[in-house]
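Descriptive structure summary
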Amino acid sequence: MTPLSLYLCSLLKKNKLLICYNYLHTHGTPLHLVDRAARKTRLARLLDMNFRAVFRGRVTGKVLAQQSGAKNYREATMCTSSASGQDMTNWLWSIYHETKKQTEALIPVISKNSVNPNTIFANNEMSLHDIEIYGFDYDYTLAFYSRHLHTLIFNIARDILIQEHRYPEGLREYEYIPNFVVRGLHYDVQKVSMVDMYNGGLHPVPDKEVIAMYDGCHVPLENMSDFYGKSSHGHTMKQFMDIFSLPEMNLLCCVNDYFMKHNIDYEPVHLYKDVKAAIGDVHVKGIMYRAVEADMENYISYGEQTHAVLKKLYEDGKKMFLITNSPFDFVDRGMNYIVGKDWRDLFDIVIVQADKPGFFNDRRKPFRRVTDKGVLHWDRIHKLEKGKIYKQGNLYEFLRLTGWRGSKVLYFGDHIYSDLADLTLKHGWRTGAIIPELRKEIKIMNTEQYVHLMTWLQGLTGLIEHMQVHRDPASQSVVQEWIKEREAMRSQTKDIFNSQFGSLFRTYHNPTYFSRRLSRFADIYMASLSCLLNYDFQHTFFPRRTPLQHESPFWPEQTSAGALKMPFIPHRTTTEE
């Protein structure tokens, strides 16, 4: 999407020389916007013309006064300082209304530049021409699950708490709340709170209480989670990065809410460990696996697209491998449903129960071969063969046996830490993050409501930034009203994605911690593997050059190729939600 905020900000900076009468050309004449407009994009030129129209009639005469000398310049600058409060108020509001009018006129133009949800976005330049080997995680990479799975995990873990950990029967009143939490949140194990202003229960905490709780707005780095987002070795916070963690966050909030409502004393750390253990049992004891296997149609989706991607890679002669933490029987049944009984013919190597992220760091665990019936062979593995199933092992042994090293390997996974971080930092593989939430967020960004909101928010922010120089009481009163409007709009831009925690990728104008980690550990990212169907194997992904704060915003192109609705490889319309 065209970065309107940059255009607006820059244009307002140019108009500042007209409003404040303090920017003169070296020859005593004002800088000409028309000359610069010729070098801008169509949208920038349109914005330039609109903003010049806003200010031209009111200030041109005063600007011309600057051209005749310093005396007239001082007289011109005194016009605003000596103006009555009512005159300044009327002047500022007239600029406000005209700016809003002109901004709203641009919305149809901006709306045409909607982002394609099926785009692959690049953090680093990468060419598919260089990729010879493709690796995949299984859960939420090859296999996508419906929302029913989160409800299932929540209900089973809740019942485990009641039956095995002797938690109150009243917890059965709580049900899974879809769209309540988002990935990437930090949970303070000791203070019983989601860092984003939630008290560990189901109710927000006022800003003042949050600031008092942490003695300000800063959380020391040593209190944050460890490298993998876990609360260990003295770290008091746990970061929830896994899609499977959504039911866990829900359950933590519900249990805390119940205890607080009923004034039950409890030890926060023990509560966290109990919930974590209950969620773990759902996976480790195979309860979730058996439930999914019994009703594939209800829990697994997107099978057709995954099959198409694997088939495309196979037909192009690419080597493929699977490394997953899930057990073979679960993966086998799922892949039979998604791809077909011959799914193993597509893969050169299949590794199950790998125990990532330990798989990428441990040098000791050997590979073991597993039969189709789950029988474990104890023979030493000298070669990883196609058609056979292997368990555990470690990446160092994998690299030794295959020789698949460096940037010719591209591995896809949904967990930024467990799947991608070590591969990027230690082993030099290229990495692709699968972010299912991306498709929904892009669709929201493409709505007229969001475009309207963000366009005016940037315009209003520019007005505040440049009109704050008027320090008289009347002007400051107007600016304060604008600031209040801006704060309300900022909250709306957050709530439009998630009314509790906002967007997965941005908190107000800043990238979230999740987004920063994504840009660090993933070369490319996309909503699902099906996005690969839109590109050929010669395609090079280029990251968008986003100007730094001190750089000029007017680069010739600031939008990822394919992100806008431009022609690229014909493909079927996907129905993924």
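Residues numbered from 1 in each chain as written. Predicted model: local features only at pLDDT ≥ 70, side-chain atom pairs only at ≥ 80, totals over all residues. Heavy atoms only, no water.

Put simply, the rule is: UniProt positions are given in the numbering used here, feature names are shortened, and annotations may be inferred rather than shown by experiment.
If you check an unreviewed UniProt entry, the protein chain appears there as 5'-nucleotidase domain containing 3 from Oncorhynchus tshawytscha. Annotation of the protein chain in UniProt includes, under Sequence similarities (unreviewed entry), the sentence "Belongs to the 5'(3')-deoxyribonucleotidase family."

**Regarding the overall build of the protein chain**
Filter applied, for reference: Every helix listed is a DSSP run of H or I at least four residues long, and every strand listed is a run of E at least two residues long, numbered separately from the N terminus. Throughout this description, buried means an accessible area under 20% of the type-specific maximum (1.4 Å probe, protein chains only), exposed means over 50%, and partly exposed covers the range between. Note on contacts: a residue pair is in contact if any heavy atoms of the two residues lie within 4.5 Å. Per-residue and other accessible areas follow the Shrake-Rupley method at a 1.4 Å probe size, with only the shown protein chains counted as cover for residues.
Of regular secondary structure, the protein chain possesses 19 helices and 19 strands. Scored against the burial criterion, the 577 residues of the protein chain give a buried share of 52%. Taking contacts inside the protein chain between residues at least 6 apart in sequence as the whole, the part at least 24 apart equals 75%. When the accessible surface of the protein chain is totalled, it reaches about 27,400 Å², and 51% of it is carbon and sulfur.

**Here's the deal with the environment of F537**
Along the chain, F537 falls in the loop between β18 (524-526) and β19 (540-541). Residues F537 and D130, spaced 407 residues apart in sequence, show a C-alpha to C-alpha distance of 8.8 Å. F537 has contacts with L128, H129, Y134, K312, L313, D316 and K318, leaving out every residue within four places of it along the chain.

**Quick look at the packing of aromatic side chains**
To keep things clear, this is the line we draw: Aromatic contacts are taken between Phe, Tyr and Trp rings whose centres are within 6.5 Å, Trp giving its six-membered ring; a plane angle under 30 degrees counts as stacked, one over 60 as edge-to-face, and the others as tilted.
Here the structure, examined in full by the defined rule, presents 37 aromatic pairs. Between Y134 and F412, the aromatic rings sit 6.5 Å apart at their centres with planes inclined by 10 degrees, giving stacked as the arrangement. Taken together, the residues Y134 in strand β3 (residues 133-136) and F412 in strand β14 (residues 409-413) connect sequence positions 278 residues apart. The residues Y134 and F412 share a single accessibility class, namely buried.

**Digging into the packing of helix α10 (residues 287-294) against helix α13 (residues 328-338)**
In helix packing, the relevant descriptors are the interaxial angle and the interaxial distance, both defined with respect to the helix axes. Condition: Lines fitted to the C-alpha atoms define the axes, with helices restricted to the stretch that makes contact. Angles between their N-to-C directions range from 0 to 180 degrees. When describing relative orientation, an angle under 35 degrees is termed roughly parallel and one over 145 degrees roughly antiparallel, while 65 to 115 degrees is termed roughly perpendicular and anything else oblique. Put simply, a crossing is left-handed when the front helix is turned counterclockwise from the back one by less than a right angle, and right-handed when it is turned clockwise. Note that Gly is not counted as nonpolar here; it falls among the polar residues with everything else outside the nonpolar set of Ala, Val, Leu, Ile, Met, Phe, Trp, Tyr, Cys and Pro and the charged set of Asp, Glu, Lys and Arg.
Here α10 crosses α13 at 20 degrees, and the two axes come no closer than 10 Å. When the axes of α10 and α13 are compared, the pair comes out roughly parallel. Considering only the axes of α10 and α13, their crossing is left-handed. Between α10, through M288, Y289, V292 and E293, and α13, the contact on the second element is made entirely by D329, F330 and R333. Of the residues in the contact of α10 with α13, the class split is 4 nonpolar, no polar and 3 charged.

**Focus on the environment of V309**
Counting through the fold element by element, V309 comes out in helix α12 (residues 303-315). When the C-alpha positions of V309 and L142 are compared, they lie 9.6 Å apart, and in sequence the two are 167 residues distant. Apart from the residues within four sequence positions on either side, V309 is in contact with L529, S530, L532 and L533.

**Some words on the packing of helix α5 (residues 85-111) against helix α17 (residues 448-467)**
The contact between α5 and α17 brings their axes to 9 Å, and the two run at 145 degrees. Where α5 crosses over α17, the two elements pack in a sense that is right-handed. On the side of α5, the interface is formed by L92, I95, Y96, T99, K100, T103, E104, I107, I110 and S111, while α17 contributes V451, H452, T455, W456, L460, L463 and M467. Considered class by class, the residues forming the contact of α5 with α17 number 10 nonpolar, 5 polar and 2 charged.

**Details of the nonpolar core**
Note the following rule: To form a nonpolar core, buried Ala, Val, Leu, Ile, Met, Phe, Trp, Tyr and Cys residues must be joined to one another through side-chain atoms within 4.5 Å.
In this structure, Y134, F136, Y138, Y145, L149, F347 and F412 are the most contacted members of the largest nonpolar core, which totals 87 residues. Filtering out sequence-adjacent residues up to four positions away, Y138 remains in contact with A143, Y145, I300, L322, T324, S326, F330, V331, G334, M335 and I338. F398, V409, I416 and L420 belong to the second largest nonpolar core, which has 40 residues in total.

**What to know about the sheet that holds strand β13 (residues 389-392)**
One key point about sheets: their strands pair by backbone hydrogen bonds, in either a parallel or an antiparallel sense. Rules: The rule for pairing is simple: two strands pair if DSSP sees at least two bridges between them.
Spatially, the 10 strands line up as an open sheet ordered β1-β18-β15-β14-β3-β9-β10-β13-β11-β12, and their pairing is mixed. In this open sheet, the two strands that pair with only one neighbour each are β1 (121-122) and β12 (376-377). Here strand β9 (residues 319-323) pairs with strand β10 (residues 349-352) via 3 bridges, running parallel. Residue pairing across strands places I323 opposite I351, the latter belonging to β10.

**Some details on the pairing of strand β15 (residues 430-434)**
Formally: Call a crossover right-handed when, viewed with both strands pointing away from you, the route from the first strand across the helix to the second goes clockwise.
In terms of burial, β15 is largely enclosed, as 5 of its 5 residues are buried. By the bridge criterion, 4 bridges tie β14 to β15 in an arrangement that is parallel. Along β15, the bridge assignment pairs L410 with R430. Crossover β14 to β15 through helix α15 (residues 416-427) is right-handed. In this structure, β15 lies alongside β18, joined through 3 bridges in parallel fashion. Within β18, the position partnered with A433 by the bridge is Y525.

**With respect to the pattern of salt bridges**
As a reminder of what qualifies: Only one rule defines a salt bridge in this text: a Lys or Arg side-chain nitrogen within 4 Å of an Asp or Glu carboxyl oxygen.
In total, this model carries 23 salt bridges according to the counting rule given. For R158, the salt bridge is made with D159, and the minimal N-O distance between the two is 3.2 Å. A relative accessible area of 8% means that R158 is categorised as buried. Of the charged contacts, one joins E487 and R490 as a salt bridge, the two residues approaching to 3.5 Å between their closest N and O atoms. Within this pair, E487 and its partner R490 are both found in helix α18 (residues 473-495), separated by 3 residues, close to a single helical turn. With relative accessibility at 14%, the residue R490 sits in the buried group.

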